[in-house]
Amino acid sequence: MAGHGRTSWDDVAVVTVSILRLVARYEKQNGEPFSLSRRELAKVVGVSEYRVHAAIGRLVKSGLVSSEARYRDDGGRLANALSVTPAGKAFLVGIE
């Protein structure tokens, strides 16, 4: 699996789809955008924070996920809120 040395394109796809599925499942269960930190998400998926960052970037760039910056009342950063777009939902229907 991804996270150990060289990465294959299959590993990249698996990590990216795993994150998309996780975001969709969270939204469905909780009725709100997904907002785990990259560190927490990396632990859940079992890859590095860098791979999580890259996968989220691919999902956002491809239009499958939207990302909204969030801030505490004192101006400090929180984890971005991730939401599956209609295109992302259609993509998931095609693979599940």
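Here, every reference points to the structure presented above.
The rules behind these values
- Residues numbered from 1 in each chain as written.
- Predicted model: local features only at pLDDT ≥ 70, side-chain atom pairs only at ≥ 80, totals over all residues.
- Heavy atoms only, no water.
- Phe/Tyr/Trp six-rings, centres within 6.5 Å; stacked < 30°, edge-to-face > 60°.
- Buried < 20%, exposed > 50% of the residue type's maximum accessible area, 1.4 Å probe, protein only.
- Pairing = 2+ DSSP bridges.
- Helix = DSSP H or I, 4+ residues; strand = E, 2+ residues; numbered from the N terminus.
- Core = buried A, V, L, I, M, F, W, Y, C linked by side-chain atoms within 4.5 Å.
- Contact = heavy atoms within 4.5 Å.

Asks: Requested: an account of the packing of aromatic side chains, with residues and values cited.
Replies: The full count for this structure, using the stated rule, is one aromatic pair. Between Tyr26 and Phe34, the ring centres sit 5.2 Å apart and the planes meet at 90°, which makes this aromatic pair edge-to-face. Classification of Tyr26 as partly exposed rests on a relative accessible area of 25%.

Asks: So what about the pairing of strand β2 (residues 77-84)? Which residues, and what values?
Replies: As paired strands, strand β1 (residues 65-71) and β2 are joined by six bridges and run antiparallel to one another. Note on β2: the bridge partner recorded for Glu68 is Ala81. Where β1 hands over to β2, the hairpin turn is made up of five residues, of which Gly75 adopts a positive phi near 95°.

Asks: Give me the lowdown on the nonpolar core, citing residues and values where you can.
Replies: Residues Ile19, Leu20, Leu41, Val45 and Val52 are the most contacted members of the largest nonpolar core, which totals 20 residues. Looking at this core, the elements that each hand over two or more residues are α1 (9-30), α2 (38-45), α3 (49-61) and β2. In terms of residues, this core owes the most to one element, α1, which gives six residues. When residues no more than four places from it in sequence are discounted, the contact partners of Ile19 are Leu41, Val45, Val52, Ala55, Ile56 and Leu59.

By themselves these figures say nothing about function.
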